[in-house]
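If you want the building blocks of each chain, they are given just below.
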Amino acid sequence: MPPTEPQPVTPTGQTWNTEAYAANGRFVATLASGVVALLAPQPGEHILDLGCGDGALTEQLAATGAIVTGVDASPTMLTAARQRNLNVEQHNATALPFHQQFDAVFSNAALHWITGIPGQQAVLAGVHRALRPNGRFIAEMGGHGNIAAIRTALQAVLAPFHIDAEATAASFFPSPELYRRLLEEAGFTVQSIDLIPRPTPLPNGMDSWLNTFRNGVLDHLNPTDRAAAIHQTVALLEPILRDADGNWTADYVRLRFHATANL
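Thresholds applied
Residues numbered from 1 in each chain as written. Predicted model: local features only at pLDDT ≥ 70, side-chain atom pairs only at ≥ 80, totals over all residues. Heavy atoms only, no water. Helix = DSSP H or I, 4+ residues; strand = E, 2+ residues; numbered from the N terminus. Buried < 20%, exposed > 50% of the residue type's maximum accessible area, 1.4 Å probe, protein only. Core = buried A, V, L, I, M, F, W, Y, C linked by side-chain atoms within 4.5 Å. Contact = heavy atoms within 4.5 Å. Axes fitted to C-alpha atoms, helices over the stretch in contact; angles between N-to-C directions. Left-handed = near helix turned anticlockwise from the far one by under 90°. Nonpolar A, V, L, I, M, F, W, Y, C, P; charged D, E, K, R; others polar.

(A) Quick look at unusual backbone geometry. One non-glycine residue with positive phi stands out, namely N85, at about 65°. Along the chain, the position of N85 falls in the loop between helix 5 (75-82) and strand 3 (88-90). Assessed through its relative accessible area of 73%, N85 is described here as exposed.

(B) Structural context of the nonpolar core. In this structure, F137, Y179 and L183 are the most contacted members of the largest nonpolar core, which totals 30 residues. For this core, the elements supplying multiple residues, two or more each, are strand 1 (46-50), strand 4 (102-108), helix 6 (116-130), strand 5 (131-142), helix 9 (176-185), strand 6 (188-202) and strand 7 (248-261). Residues contacting F137, with those up to four places away along its chain left out, are V105, L111, L124, V127, L131, L183, F188, F257, H258 and A259.

(C) Main features of the side chain of E140. Mapped onto the elements, E140 comes out in strand 5. Those residues in contact with E140 that sit more than four places away from it in its chain are V35, S107, N108, A109, A110, R198, R254, L255 and R256.

(D) Quick peek at the packing of helix 7 (residues 148-158) against helix 12 (residues 223-241). Relative orientation of the contacting elements helix 7 and helix 12 amounts to 140°, with a least axis distance of 9 Å. By crossing handedness, the relation of helix 7 to helix 12 is classed as right-handed. Listed contacts from helix 12 to A149, I150, A153, L154, V157 and L158 of helix 7 are A229, Q232, T233, L236, L237 and L241. When grouped by side-chain class, the residues that make up the contact of helix 7 with helix 12 number 10 nonpolar, 2 polar and no charged.

Structure below.
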């Protein structure tokens with residue numbers, strides 16, 4: 001049986017602009033074919049899409065004939081998802097209200113936004129409750145070493161502004177060993193868990209990525225300092241993540257797993 005659910009944690013401050021996300025973050029859904037294949041959704045089965053965002057991937061799952069419910073904490077993202085005629089609800093991932101309602105829980109690029117081990121334990125307890133016995137939990141998230149160069153550059157650039165970029169972002173990028181322990185402690189049997197390097201092209205450049213995926217950090221600066229910090233960060237990363245033709249690639253590392261809920 002999973003342990004008693006910990007108290008929910010304070011959100012990190014990251015916010016989502018649907019237009020910016022569609023323009024600069026669509027790769028999140030388009031590069032998800034591997035984790036969707038691991039899910040292997042079947043017609044008629046009930047699936048919870050945890051952290052559904054604007055519903056681009058939820059829509060793909062529903063097209064298989066599965067009965068999909070999407071949940072997200074962002075009202076703006078859910079508005080976009082509802083425009084796709086999807087069944088979505090607003091819930092914090094650390095306080096899921098479901099009880100043995102789903103054959104599978106699916107999550108892509110969402111779990112790493114949950115702060116710290118107590119937050120992860122709360123999520124996993126809620127997922128376990130939401131699943132029917134032997135239901136499967138299939139997910140992909142940022143893993144150990146994810147965007148390491150970007151995080152290091154931000155940490156260096158923001159230090160003179162007295163901002164700890166890592167603490168402020170509060171992202172959670174675990175090793176397979178750590179997350180296996182968390183899953184097992186929450187009452188899951190781990191079928192597979194793998195760390196997967198995935199260099200990710202950024203067609204709109206690094207500055208667009210920073211403004212989309214690190215606004216929770218950059219919003220602590222006034223507009224002038226923010227522009228300067230982005231410029232300095234991009235300059236630091238250019239020799240590492242920008243090729244001779246001017247193409248940017250982010251140093252993504254994903255953690256992908258398949259676990260089943262114990263009786």
